[in-house]
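Fold and contact review
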Amino acid sequence: MKVKLTAVIITLVLLLSSCAVDPSAKDAHLFATRHYVSTEVTYSEPTAQFAFKLNMESTETELAKYYFEPTVGNKERKACIKATEKVLATQEPISPLPEIYIFSRDRYDYKLVRDHKLYSSLREWKSVEYTTDVLLALYGEAAHYGTVFGYAEYLSGSCEGRFTLPSVDDVMDLSYLCFDEAFVSPADVAVAKEIACDFVNTGISQQGEAAFRQLLTSPTQATAALCAYYSEKGLSYTPSAVQYGYGGRSYDYTVHTEYATFYIANDWADMCAELNPLITDGFLHADYPSTKAFFETNLEQMKQYQDLFNTTARGIKINERRVRRTSGVSRLGK
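Position numbers for residues count from 1 along each chain, tracking the sequence in the order it is written. With pLDDT at 70 or above as the cut-off, local features in this predicted model cover only qualifying residues; side-chain atom pairs require 80 or more to be listed or tallied, and sums for whole chains, interfaces and linings still use all residues. Only hydrogens and water are removed before side-chain values are computed, so all heavy atoms of the structure are retained for them.

Attention shifts here to the packing of aromatic side chains. Stacked, tilted and edge-to-face pairs are distinguished by plane angle, under 30 degrees for stacked and over 60 for edge-to-face with tilted covering the rest, among Phe, Tyr and Trp rings (Trp via its six-membered ring) whose centres lie within 6.5 Å. Scanning the model with the defined rule gives 37 aromatic pairs in all. On the numbers, 5.4 Å between centres and 75 degrees between planes, the contact of Tyr108 with Tyr110 is edge-to-face. Centroid distance Phe163 to Tyr229: 6.1 Å. Interplanar angle 75 degrees. Geometry classified as edge-to-face. Of the two residues, Phe163 sits in the loop between helix H5 (145-156) and helix H6 (186-207) while Tyr229 sits in helix H9 (residues 219-232), which places them 66 residues apart along the sequence. Residue class for Tyr229 comes out buried when judged on its relative accessible area of 3%. Joined through ring pairs, the aromatic side chains of Tyr43, Phe50, Phe52, Tyr67, Tyr101, Phe103, Tyr108, Tyr110 and Tyr119 make up one cluster. A cation over an aromatic ring shows up here: Arg77 above the ring of Tyr36, its NZ or CZ 4.7 Å from the ring centre. For a Lys NZ or an Arg CZ to count as sitting over a ring, it must be within 6 Å of the ring centre and within 35 degrees of the ring normal. The ring of Phe52 carries Arg107 above its face, with NZ or CZ at 5.9 Å from the centroid. Numbering of helices and strands runs from the N terminus; a helix is a DSSP stretch of H or I covering at least four residues, while a strand is a stretch of E covering at least two. For every residue, the accessible area obtained with a 1.4 Å probe (protein chains only) is divided by the maximum for its type, and the residue is called buried under 20%, exposed over 50%, and partly exposed between those limits.

Below you can see the structure in the form of structure tokens.
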């Protein structure tokens, strides 16, 4: 009897142990031992103000390519890959595969999305902010930030937004700077997040998730849909066509327009600021309404220039003339 009872206990222990360590087939590839290849990576920012070469350890899945600084531990790598794959598995594959570059905070404690590549330091992988960055790497850095952020909230299951008027109408653009407390008040950042969630919930409920995802690929369609959303709320407001994004180490942020990409250096300052009472302290580094007005004026001037000469400038880098210390840089064309 004791022999039979012992056999039953051993059998139960083995069954419970196998259940505990056997991952679901869906996530099995995430638990497999990964093979990493040493790869030399060159990181550089426009005008080469900041650049370095580093041997990183790379691996690849069906959904993305990953590059880790060698000092990043295996636990962090697994958490990063698992969180990234969870997001990308909900989306239709897009070519090229997004690339994720993860550095220690000592080497690179910034963020940049460029050419479907996300450069980041170690962070909270399950956060809405990281999900947003993965989606930006997938759909492109010029995507409409508020739409992407709201959709990231939706994927996290915490998207319960409501529409509330901000203290400044321009916050309804839901551009990246509208989520930055250096440019709008903390209260308006919270309002921007609420509006983004409500906009995404409304869009998905009306047209379905697959159709709504088309807005992630086109900032023009996203701003048009946002304009229609405001119209349904009884508001006549047209969101700005200018998009903003991360600047990495050298730049406060980047500006994406139909005709040019601007790079605003961290220490950019107008040389004539002291002589011009219309230029406020921290011009282009604070106060979203004045920053928006500046770039919308530039957008209109470039449109007039290209219409006048019936041409499109591409691949040209120019320095802003009225600058002190480091220049603001723009790259014309797409």
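Once the structure has been displayed, the description carries forward.
Expected span, for any helix, means 1.5 Å times one less than how many residues it has. Compared with the 16 Å implied by 1.5 Å per residue over 12 residues, the 16 Å span of H5 between its first and last C-alpha is a close match. Counted residue by residue, H5 has nine buried out of 12 residues, so it is predominantly covered. Taken residue by residue, H5 has Tyr145, Gly146, Thr147, Val148, Phe149, Gly150, Tyr151, Ala152 and Glu153 as its buried positions. Packed against the buried residues of H5 are helix H4 (128-139), H6, helix H7 (209-212), helix H8 (214-217), H9 and strand E7 (243-245). At the exit of H5 stands Gly157, carrying a positive phi of roughly 85 degrees. Residues are treated as being in contact if the distance between any of their heavy atoms lies within 4.5 Å.

Cis geometry is adopted by the peptide bond preceding Pro96, which originates at Ser95 and carries an omega value of 0 degrees. Mapping Pro96 onto the fold places it in the loop between helix H3 (74-88) and strand E4 (99-103). Unusually for a residue other than glycine, Leu284 sits at a positive phi of about 75 degrees. Position of Leu284 among the secondary structure elements: in the loop between strand E9 (260-265) and helix H10 (288-309). Overall, the relative accessible area of 1% leaves Leu284 in the buried class.

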